[in-house]
Amino acid sequence: MVMFQKSLYILSAFLFLAISSPTDNRREFEISRNLEIFAQVYKELNGGFVDEIDPGKLMRTGITAMVASLDPFTNYFPESDIERYRIQNEGKSNNAGFDFRFIQQYATVTEIYEGQSADKAGIKTGDQIIAIDGKDTYGKSAEEVDFFLRGTAGSSVSLTLRRPGSTSEIKTNLVRGDFEVPNVPYFSRLENDIAYISLTTFTPRAGRNVSNALRDMRQENPDLKGVILDLRENGGGLLMEAISVCNVFIPKNSLVVTTKGRIKEQDRLFNTTQDATDTEIPLVVLINRRSASASEIVSGVIQDYDRGVIIGQRSYGKGLVQNTVDVGYNARLKLTTSKYYIPSGRSIQSVEYKNGEPVEVPEEKRVAYKTLNNRMVYDGGGIAPDLAIQHPDNIPVIQSILRQDLIFRFVSRNANNYKSNDISNLKFNDFDKFLAFIKEENIEFETEANKAWKEFSRKSKEEGYTLTETQKLVAEALEKEQKAILEKYKPEILNLIEKEIAARYFYASGRIKIGLRNDPEVKEAI
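For the structure given in this document, a descriptive report is provided here. (Residues numbered from 1 in each chain as written. Predicted model: local features only at pLDDT ≥ 70, side-chain atom pairs only at ≥ 80, totals over all residues. Heavy atoms only, no water.)

### Here we look at the overall build of the protein
Phase 1 of the analysis: Assigned secondary structure in the protein consists of 16 helices and 21 strands.
Phase 2 of the analysis: Overall, the protein is about 80 × 65 × 55 Å in size when its C-alpha atoms are taken along their principal axes.
Phase 3 of the analysis: In the protein, which comprises 526 residues, the share counted as buried stands at 44%.
Phase 4 of the analysis: Counting contacts in the protein only where the partners sit at least 6 residues apart, residues at least 24 apart contribute 67% of the total.
Phase 5 of the analysis: Entry remark: accessible area of the protein is about 28,800 Å², with carbon and sulfur atoms responsible for 51%. (Helix = DSSP H or I, 4+ residues; strand = E, 2+ residues; numbered from the N terminus. Buried < 20%, exposed > 50% of the residue type's maximum accessible area, 1.4 Å probe, protein only. Contact = heavy atoms within 4.5 Å. Areas by Shrake-Rupley, 256 points an atom, 1.4 Å probe, with all protein chains shown as cover.)

### Describing the side chain of T160
Phase 1 of the analysis: Its location among the elements puts T160 in strand β6 (residues 156-162).
Phase 2 of the analysis: Taking the relative accessible area as the measure of exposure, T160 reaches 8% and is therefore buried.
Phase 3 of the analysis: In terms of polar contacts, T160 uses its side chain to reach the side chain of K171, at 3.4 Å.
Phase 4 of the analysis: Residues contacting T160, with those up to four places away along its chain left out, are Q128, I129, I130, A131, E169, I170 and K171. (Polar contact = N/O pair within 3.5 Å; in protein donor to acceptor, adjacent residues only side chain to side chain.)

### Comments concerning the packing of aromatic side chains
Phase 1 of the analysis: If you walk through the whole model with that rule in mind, you get seven aromatic pairs.
Phase 2 of the analysis: Of the aromatic side chains, those joined through ring pairs into one cluster are F410, Y418, F428, F431, F434 and F437.
Phase 3 of the analysis: If you follow K260 out to its NZ or CZ, it ends over the ring of Y341, 5.2 Å from the centre.
Phase 4 of the analysis: A cation over an aromatic ring shows up here: K318 above the ring of F73, its NZ or CZ 4.8 Å from the ring centre. (Phe/Tyr/Trp six-rings, centres within 6.5 Å; stacked < 30°, edge-to-face > 60°. Lys NZ or Arg CZ within 6 Å of the ring centre and 35° of its normal.)

### Quick look at the nonpolar core
Phase 1 of the analysis: If you look at the biggest cluster of nonpolar residues, it comprises 40 residues, and the most contacted ones within it are I197, L199, V210, L229, F249, I297 and V298.
Phase 2 of the analysis: For this core, the elements supplying multiple residues, two or more each, are β9 (194-198), α7 (206-220), β10 (226-230), α8 (239-249), β11 (255-261), β13 (283-287) and α9 (294-304).
Phase 3 of the analysis: With near-sequence residues (within four places) excluded, V298 lies in contact with F202, L229, L231, A242, V245 and C246.
Phase 4 of the analysis: Among the nonpolar cores identified, the runner-up in size contains 29 residues, and F410, L435, I501 and I514 belong to it. (Core = buried A, V, L, I, M, F, W, Y, C linked by side-chain atoms within 4.5 Å.)

### Considerations on the pattern of salt bridges
Phase 1 of the analysis: The full count for this structure, using the stated rule, is 24 salt bridges.
Phase 2 of the analysis: When the shortest N-O distance is used, the salt bridge between R150 and D146 registers 2.6 Å.
Phase 3 of the analysis: Classification of R150 as buried rests on a relative accessible area of 19%.
Phase 4 of the analysis: The partner of R346 in a salt bridge is D304, with the nearest N and O atoms 2.8 Å apart. Here R346, found in the loop between β16 (331-341) and β17 (353-354), pairs with D304, found in helix α9; they are 42 residues apart in sequence, far enough to count as distant.
Phase 5 of the analysis: Judged by relative accessible area, which is 3%, D304 ranks as buried.
Phase 6 of the analysis: Here the salt bridges do not stand alone but share partners, grouping E111, E500, R504 and R511 into one network. (Salt bridge = Lys/Arg side-chain N within 4 Å of Asp/Glu carboxyl O.)

### Points about the environment of D519
Phase 1 of the analysis: Checked against the element boundaries, D519 lands in the loop between α15 (490-515) and α16 (520-525).
Phase 2 of the analysis: Classification of D519 by relative accessible area gives buried; the value is 8%.
Phase 3 of the analysis: The spatial distance from the C-alpha of D519 to the C-alpha of N495 is 8.9 Å, given a sequence separation of 24 residues.
Phase 4 of the analysis: A polar contact of 3.2 Å, which involves the side chain of D519, links it to the backbone nitrogen of V522.

### Brief notes about the environment of M66
Phase 1 of the analysis: Relative to the assigned elements, M66 resides in helix α3 (residues 55-68).
Phase 2 of the analysis: Considered as a pair, M66 and Y76 are ten residues apart in the sequence and their alpha carbons are 9.6 Å apart.

### Regarding the pairing of β6
Phase 1 of the analysis: Two elements, strand β4 (residues 128-132) and β6, share four bridges in a ladder whose sense is antiparallel. Of the residues in β6, the one forming a bridge with I132 is L159.
Phase 2 of the analysis: In the sheet, β6 pairs with strand β7 (residues 169-175) via seven bridges, with the strands oriented antiparallel. By the bridge assignment, S158 is partnered in β7 with N173.
Phase 3 of the analysis: In this structure, the hairpin formed by β6 and β7 is closed by a connection of six residues, where G165 is found at a positive phi of approximately 90°. (Pairing = 2+ DSSP bridges.)

### Considerations on a nonpolar patch on the surface
Phase 1 of the analysis: A contiguous nonpolar surface patch, about 460 Å² in accessible area, is contributed by I37, V41, L45, F49 and V50.
Phase 2 of the analysis: Tracing the backbone through its elements, the reader meets V50 in the loop between α2 (25-48) and α3.
Phase 3 of the analysis: The exposure class of V50 is exposed, given its relative accessible area of 72%. (Patch = residues over 30% accessible without salt bridge, like charges linked within 9 Å, V, L, I, M, F, W, Y side chains within 5 Å.)

### A closer look at the pairing of strand β8 (residues 186-190)
Phase 1 of the analysis: Side chains Y186, S188 and L190 of β8 all project onto a buried face; the interleaved residues F187 and R189 project onto a face where none is buried.
Phase 2 of the analysis: Direction of pairing for β8 relative to β9: antiparallel, over a ladder of five bridges. Bridge assignment links F187 to a residue of β9, and that residue is I197.
Phase 3 of the analysis: Hairpin connection from β8 to β9: three residues lie between these consecutive antiparallel strands, with N192 at a positive phi of about 60°.

Here you go:
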């Protein structure tokens with residue numbers, strides 16, 4: 001114990017000296033004092049708490065709480081997690097050729113990439129992954145399943161699957177490939193000679209692929225009247241690719257982004273470096289609330305230079321730069337070191353969070369900036385579209401449907417009934433079957449009104465109120481209203497079902513193509 005105390009005092013003194021500067025004595029003292037208090041509390045808990053304590057787990061809890069108080073993107077990785085972190089960030093990739101997420105407690109295949117390993121192995125969207133190399137996936141986290149799937153190209157992995165509608169298990173060996181998820185899965189010329197380009201992620205060659213898509217369409221039709229760049233659902237990626245995509249539409253040597261942090265010497269400016277593909281063609285950029293980071297840099301730059309019109313919903317609001325540092329004993333800290341600032345001088349970073357999600361801040365509480373043509377724009381909360389359009393994702397009942405994966409589960413069960421060899425003929429009109437599925441599954445919509453009513457019923461019962469008849473009447477009224485609301489948004493729900501069916505047979509490009517038929521933002525852009 002004496003040796004432990006000595007080590008803490010030496011560490012405290014060392015850190016105090018390491019950070020000392022004549023102009024910041026008060027701050028230095030506060031850091032040293034609090035470090036000593038923290039160490040003393042940690043020692044007393046480990047030495048005197050009534051139950052045995054795992055020192056590593058206790059320290060991890062403290063550090064995790066500390067970094068969580070800053071922003072959702074600053075994270076601590078102890079030694080026990082570092083191998084998983086290294087694989088995910090520095091080396092081998094999940095070359096299985098599919099995406100997954102947990103649905104009804106099982107890892108479920110949600111996207112198959114055309115021609116890749118999973119597609120060749122006959123794996124289907126909707127398949128539940130029961131086991132990987134004999135390891136049961138039930139109760140595992142998404143990170144653990146991802147860890148099991150990862151490996152070098154050419155290595156194999158054994159999967160045990162359960163397909164919707166079948167009671168028997170399917171066993172298959174999948175050979176991991178070596179591929180990149182296409183960052184431009186679809187581009188096409190739409191009506192009125194408008195070019196459409198979908199960019200889903202900012203991975204290597206994103207800028208080149210956007211430029212090539214535009215050139216290809218212009219070669220086919222020299223009279224293109226405009227271009228739509230779709231960044232909806234695009235969560236970001238590489239900064240240099242964001243600059244490259246901007247460079248498709250704005251001239252060489254234009255400022256794109258500045259990174260600024262506490263250490264002024266590390267601030268950097270990033271400009272475009274190549275001649276633009278086209279600086280004149282009318283441009284619309286589509287964004288939504290899941291457009292983040294690099295997507296916000298591109299849409300913000302286009303807005304700041306008044307190069308195009310932004311349509312959709314306010315973007316996510318992630319304008320931070322993270323660096324990873326070693327903190328000893330094979331542990332690492334990923335911390336936010338600077339923020340992105342786009343040409344007008346504004347930050348795209350959200351300033352308020354709730355449950356890890358950005359909270360929209362009223363314009364009167366944010367700082368105003370001006371675009372190149374002196375239009376007012378605001379900081380502190382992502383990119384606000386020039387033309388805002390409500391999306392079905394923002395309608396409470398549809399949010400509930402998507403959150404509970406009802407459309408995904410319905411299509412997984414019935415996809416074979418709607419198979420089509422020609423995407424232009426794909427049409428879903430069996431809305432009653434979808435309603436029957438909801439009733440059959442005994443699904444309750446988790447809307448805010450429903451949650452509030454359940455909480456009221458629970459509280460009234462706890463407090464001894466006898467409201468059985470009233471509760472029954474309200475429940476019946478809610479059920480009736482919910483059916484009416486579903487009917488009200490029938491076109492939007494049918495469109496979502498059609499997109500999910502299209503993805504089963506025509507992959508990501510099919511989902512995009514079928515969605516364009518009834519896309520309010522694309523129609524507004526045209």
